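Descriptive structure summary
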Amino acid sequence: MGLSLNHYLVLGAVLFCIGLYGALAKRNGVAVLMGIEIMLNAVNITMVAFSFYNKVPPYATYFTCQIFAIFIITVAAAEVAVALAMIIAIYRKRSSVDVGEIDFMKW
C-alpha cells in the first residue's frame, strides 16, 4: 500500500488548518508569520502532489505546479524578510510585537 493523492491532500488540509489557526489566534507577530508560512507550505504540498499524480496524456509532461511551488517559495522568502524587518522595527519602537498594539495609523 503506497501513498495516494488523498494522503497528500489530507496532509495539506491539516497543515493549512494548523497554519490558519496560528495566523488567526496568535497575537505575537512572529507566530502569525509562522502560521502564514505553514499555510503556504501546505499549498505547495498539494500542488506538487497534483502535479505528481497528473496522468492525463497531453498534460503529463508539464511541470506547471512545481514551477508555481518554486514561485511561492520565493515570494514567501521575500515576504518573511520584509515582515521580519517590520517586526524588528516595531519592536524597537514599541518594545512589543503584539499585533493588537500596532496602531500607527490611528490619530
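Worth saying up front: this structure is predicted, and the values here are computed from it rather than measured.

1. Some remarks on the overall build of the chain
- Across its full length, the chain carries three helices and zero strands.
- Written out in order from the N terminus, the α and β elements of the chain read α-α-α.
- Computed over C-alpha atoms, the radius of gyration of the chain comes to 18 Å, more than 25% over the 13 Å expected from 2.2 N^0.38 for 107 residues, which places it beyond the range of a compact globule.
- Referenced to the eigenvectors of the C-alpha coordinate spread, the extents of the chain come out at roughly 60 × 25 × 20 Å.
- Looking at the chain as a whole, 22% of its 107 residues qualify as buried.
- For the chain, the share of sequence-separated contacts (at least 6 apart) that also reach a separation of at least 24 residues comes to 58%.
- When the accessible surface of the chain is summed, it comes to about 7,900 Å², and 74% of that surface belongs to carbon and sulfur atoms.
- Taken together, the 7 basic and 5 acidic charged side chains of the chain have centroids lying 1 Å from each other.

2. Examining a nonpolar patch on the surface
- Together, V10, V14, I18 and I38 give the surface a local cluster of nonpolar side chains, amounting to about 320 Å² of exposed area.
- Tracing the backbone through its elements, the reader meets I38 in helix α2 (residues 29-52).
- Judged by its relative accessible area of 31%, I38 falls in the partly exposed class.

3. Re the side chain of T46
- By the secondary structure assignment, T46 is in helix α2.
- Discounting chain neighbours no more than four positions away, the residues touching T46 are Y8, L9 and G12.

4. A closer look at the packing of helix α1 (residues 5-25) against α2
- At a closest axis distance of 7 Å, the pairing of α1 and α2 adopts a crossing angle of 165 degrees. In terms of their interaxial angle, α1 and α2 are classed as roughly antiparallel. In this structure, the crossing between α1 and α2 has a hand that is left-handed. Here L5, Y8, L9, L11, G12, L15, F16, G19, L20, G22 and A23 of α1 come into contact with α2, specifically with A31, V32, G35, I36, I38, M39, A42, V43, I45, T46, A49 and F50.
- Classifying every residue of the contact of α1 with α2 by side-chain character gives 18 nonpolar, five polar and no charged.

Each value, and the rule that gives it
- Residues numbered from 1 in each chain as written.
- Predicted model: local features only at pLDDT ≥ 70, side-chain atom pairs only at ≥ 80, totals over all residues.
- Heavy atoms only, no water.
- Helix = DSSP H or I, 4+ residues; strand = E, 2+ residues; numbered from the N terminus.
- Rg over C-alpha atoms; globule rule 2.2 N^0.38 Å.
- Buried < 20%, exposed > 50% of the residue type's maximum accessible area, 1.4 Å probe, protein only.
- Contact = heavy atoms within 4.5 Å.
- Areas by Shrake-Rupley, 256 points an atom, 1.4 Å probe, with all protein chains shown as cover.
- Lys, Arg positive; Asp, Glu negative; His and termini not counted.
- Charge placed at Lys NZ, Arg CZ, Asp CG, Glu CD.
- Patch = residues over 30% accessible without salt bridge, like charges linked within 9 Å, V, L, I, M, F, W, Y side chains within 5 Å.
- Salt bridge = Lys/Arg side-chain N within 4 Å of Asp/Glu carboxyl O.
- Axes fitted to C-alpha atoms, helices over the stretch in contact; angles between N-to-C directions.
- Parallel < 35°, antiparallel > 145°, perpendicular 65-115°, else oblique.
- Left-handed = near helix turned anticlockwise from the far one by under 90°.
- Nonpolar A, V, L, I, M, F, W, Y, C, P; charged D, E, K, R; others polar.

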